[in-house]
Amino acid sequence: MKEGFNTKVGAIAAAAGSAVGLGNMWRFPYVTGENGGAAFLIVYVAFTLLIAMPALLAEFAIGRMTGKPVTSALLELAPKKKWFLIGFMGVFCSFLIISFYSVVSGWILYYTWLSASGGLAGLGEAEVAEAFSRVSGSPAASVFWMVLMVAVIALIVSRGVAKGIEKWSKILMPVLLVLILVMCVRSLTLDGAAEGLKFLLSPDFSKLTPKALFAALGQSFFSLSTGIGVMATYGAYISRDQSLSADALSVAMLDFFIAFLAGVMIFPCAFAFGINPGSGPGLVFVTLPNIFNQMAFGSFFAFIFFLLLVVAALTSCFSMLEALVAFGVASLGLSRKRSTVIMTAFVLLGGTCCAVFPAVFNLFDNLSANVILPIGAFCIVLFVPLVIGKERYRAELEAHGGKFGSFEIVYFLTRFVVPLAIFLIFANSLLSWLGVDLFG
Ligand code: PHE
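No experiment lies behind these values; they were computed from the predicted model shown. (Residues numbered from 1 in each chain as written. Predicted model: local features only at pLDDT ≥ 70, side-chain atom pairs only at ≥ 80, totals over all residues. Heavy atoms only, no water.)

Participant: How should I be thinking about empty space enclosed by the protein in this particular structure?
Facilitator: A water-sized probe, rolled over the atoms, reveals where empty space remains. Counted by the stated rule, this structure contains one cavity of 30 Å³ or more. In this structure, the largest cavity occupies an estimated 160 Å³ of space. Contributing elements (two or more residues each) for the lining of the largest cavity: helix 1 (8-19), helix 2 (22-34), helix 5 (84-116), helix 10 (210-223) and helix 14 (298-332). For the lining of the largest cavity, the per-class residue count stands at nine nonpolar, eight polar and no charged. (1 Å grid on protein atoms, 1.4 Å probe; cavity = no way out; pocket = protein on both sides within 12 Å on 5 of 7 lines; lining within 4 Å. Points joined across faces, edges and corners; volume = space filled by probe spheres on them. Helix = DSSP H or I, 4+ residues; strand = E, 2+ residues; numbered from the N terminus. Nonpolar A, V, L, I, M, F, W, Y, C, P; charged D, E, K, R; others polar.)

Participant: Can you help me understand unusual backbone geometry in this one?
Facilitator: Backbone geometry follows two general trends: most residues other than glycine have a negative phi, and most peptide bonds adopt the trans configuration. Even without being glycine, Ser-225 reaches a positive phi, approximately 55°. Tracing the backbone shows Ser-225 in the loop between helix 10 and helix 11 (230-235). By relative accessible area, which is 13% here, Ser-225 ends up buried. A positive phi angle is found at Phe-297, which is not glycine, with a value near 55°. (Buried < 20%, exposed > 50% of the residue type's maximum accessible area, 1.4 Å probe, protein only.)

Participant: How do you make sense of the pattern of salt bridges when you look at a structure like this?
Facilitator: Opposite charge on two side chains permits pairing when their charged atoms draw close. With the rule as written, the count across this model stands at eleven salt bridges. The partner of Lys-207 in a salt bridge is Asp-204, and the shortest N-O contact between them spans 3.6 Å. When its relative accessible area of 42% is taken as the criterion, Lys-207 is described as partly exposed. Between Arg-394 and Glu-408 there is a salt bridge, with its nearest N and O atoms 3.1 Å apart. Here Glu-408 lies in helix 18 (residues 407-433) and Arg-394 lies in helix 17 (residues 390-397), a separation of 14 residues in the sequence. By relative accessible area, Arg-394 is classed as buried at 17%. Through salt bridges with shared partners, one network takes in Lys-390, Glu-391, Arg-394 and Glu-408. (Salt bridge = Lys/Arg side-chain N within 4 Å of Asp/Glu carboxyl O.)

Participant: In this structure, what is going on with the confidence of the model for the protein chain? I would like to understand it.
Facilitator: Fine structural detail should not be taken from predicted coordinates in areas where pLDDT scores are low. Of the residues in the protein chain, 98% reach a pLDDT of 70 or more, and the chain-wide mean stands at 90. Looking over the protein chain, one finds the lowest element-wise mean pLDDT in helix 13 (residues 287-293), namely 80, and the highest in helix 15 (residues 336-356), namely 97. (pLDDT = per-residue confidence, 0-100.)

Participant: Sorry if this is basic, but what is going on with the packing of aromatic side chains here?
Facilitator: Scanning all chains against the criterion turns up 35 aromatic pairs. With a centroid separation of 5.9 Å and 10° between ring planes, the pair formed by Trp-107 and Phe-361 is classed as stacked. Here Trp-107 is found in helix 5, whereas its partner Phe-361 is found in helix 16 (residues 358-388), with 254 residues between them in sequence. Arg-27 extends its terminal NZ or CZ atom over the ring of Phe-222, reaching a point 5.7 Å from the ring centre. If you follow Arg-186 out to its NZ or CZ, it ends over the ring of Phe-301, 5.7 Å from the centre. (Phe/Tyr/Trp six-rings, centres within 6.5 Å; stacked < 30°, edge-to-face > 60°. Lys NZ or Arg CZ within 6 Å of the ring centre and 35° of its normal.)

Participant: What is the right way to read the state of the cysteines from this model?
Facilitator: Simply put, disulfide is the name for a covalent bond between the sulfur atoms of two cysteines. This model, assessed by the stated rule, comprises zero disulfides. In this model Cys-353 remains outside any disulfide bridge; the closest cysteine sulfur is found in Cys-354, 6.9 Å from its own. A relative accessible area of 30% places Cys-353 in the partly exposed class. Note on Cys-379: no disulfide assigned, nearest cysteine sulfur contributed by Cys-93 at a separation of 13 Å. Cys-379 gets classed as buried once you look at its relative accessible area, which sits at 16%. (Disulfide = S-S within 2.5 Å.)

Participant: Which parts of the structure should I look at to understand the nonpolar core?
Facilitator: Looking at soluble globular proteins, one finds that nonpolar side chains tend to be buried together. Of all hydrophobic cores here, the largest spans 158 residues; its most connected members are Met-25, Phe-221, Met-265, Phe-305, Leu-321 and Tyr-393. For this core, the element with the highest residue contribution is helix 14, accounting for 21 residues. Discounting chain neighbours no more than four positions away, the residues touching Tyr-393 are Pro-54, Leu-57, Ala-58, Ala-61, Val-384, Ile-388, Phe-407 and Tyr-411. (Core = buried A, V, L, I, M, F, W, Y, C linked by side-chain atoms within 4.5 Å. Contact = heavy atoms within 4.5 Å.)

Participant: For this particular structure, what's the right way to read a nonpolar patch on the surface?
Facilitator: Judged by side-chain polarity, Leu-49, Leu-50, Leu-249 and Met-253 come together as a nonpolar surface patch covering roughly 360 Å² of accessible area. Every element with two or more residues in the nonpolar patch is listed here: helix 3 (38-66) and helix 12 (244-272). Here Met-253 is to be found in helix 12. Overall, Met-253 belongs to the exposed group, its relative accessible area being 52%. (Patch = residues over 30% accessible without salt bridge, like charges linked within 9 Å, V, L, I, M, F, W, Y side chains within 5 Å. Areas by Shrake-Rupley, 256 points an atom, 1.4 Å probe, with all protein chains shown as cover.)

Participant: Got a minute to help me understand the site of the ligand in this structure?
Facilitator: In the vicinity of the ligand there are 15 residues, among which Ala-19, Gly-23, Tyr-101, Phe-222 and Ser-225 approach most closely. The separation between an oxygen atom of the ligand and a polar main-chain atom of Leu-22 is 3.1 Å. Note that an oxygen atom of the ligand is positioned 2.8 Å from one of the backbone N or O atoms of Gly-23. Expressed as a share of its isolated accessible area of 330 Å², the protein-covered part of the ligand is 100%. Every element with two or more residues in the shell around the ligand is listed here: helix 1, helix 2, helix 5, helix 10 and helix 14. Here the residues of the shell around the ligand sort into seven nonpolar, eight polar and no charged. (Near = heavy atom within 4 Å. Polar contact = N/O pair within 3.5 Å; in protein donor to acceptor, adjacent residues only side chain to side chain.)

Participant: Please clarify how the environment of Thr-32 should be interpreted in this entry.
Facilitator: Mapped onto the fold, Thr-32 is located in helix 2. Remark: the alpha-carbon pair of Thr-32 and Pro-277, spanning 245 residues in sequence, is separated by 8.4 Å. In this structure, Thr-32 is in contact with Gly-37, Phe-40, Phe-199 and Phe-267, ignoring residues within four places of it in sequence.

What follows is the structure in structure tokens.
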């Protein structure tokens, strides 16, 4: 039986579940903190709408036109050309991302357990930092929690697209929304919360350096899961009577809304307790537990917070594992069961390498987000004008029988604006990788 989403809401929940992840809850707040707050937020919204969303739409369309996962879809649409290599690269990149992502998710699971069992309560600052290095610095502990996390993901994905991914996304996404709203109310009712809101809402454009612009662009791709064909694979599961442009808009809006709420949850908290919001990736693991410890019912809120992160990470991991499993079925001729077992074994191997060797963790992280993701997105958007063509693309976007009023604008963005913008971020990250810093 061909895999597919059963309902419209389910398709949106699954795709939004992929988009909403650690990118929103962990990366977005610290990147926004480091780049000056509100002004960064405005640019991020613009990039999400004008750049990442057209790329997302192109992925959905490529998947749905063929009903196949990314590599096979590209091969079917351009049989004599080498475009399918982009699909391979994307699948490989899903493997890289899920490898380090599942290690971070494992740490989060450990923190959830720690806060539920009272292990975080009453710790001093040094002890909280020590708790983090106890897990992140210990290969055995990191592997243990990563394996637990991967086991849950594999169990759900093995049930199939509708019965596993769709069903669980429909349950977990509303849970996520409730949990984040609880956290926002707590954060906004702290004394001194207004400072944090001001940071998020009143822009200081002097902070908007070219580097911040690039950070916003990279963040918008990562956050919408575009550039590696994961969304093309999901596109293959979307029914033809659904409007892809409406779906892409819903996913982008939900993704942004949740990133914004993550800001509302974290900045007032940080300001109320006098903590610098630009304190980097450790914000979630070291800074926030300290804040919770100073709060009434802190252990309870710490538990809710980490549970929220686990939920967000789970639904993103579904999409990456599914991209691998679908590739195994369509390109390697494996049965779905067998593909799930084999791909899970690869993820466990990749995750173990990331947990044991910090250098591998950093390599996978940098290679995927800064190199493969922009190259992949660049090729996928160019695939639309160069292979699919304007009228066929329009026909796919209007296949549900409705008219897509903004088609001309979106096509213009897809053809010119998005590739140019991606070229710019890519060139910048490549240069800074090579040690050349154009913008300081
Ligand atoms: N969008 C996810 C997040 O924000 C990360 C992700 C990237 C997932 C690429 C799948 C593919 O956390």
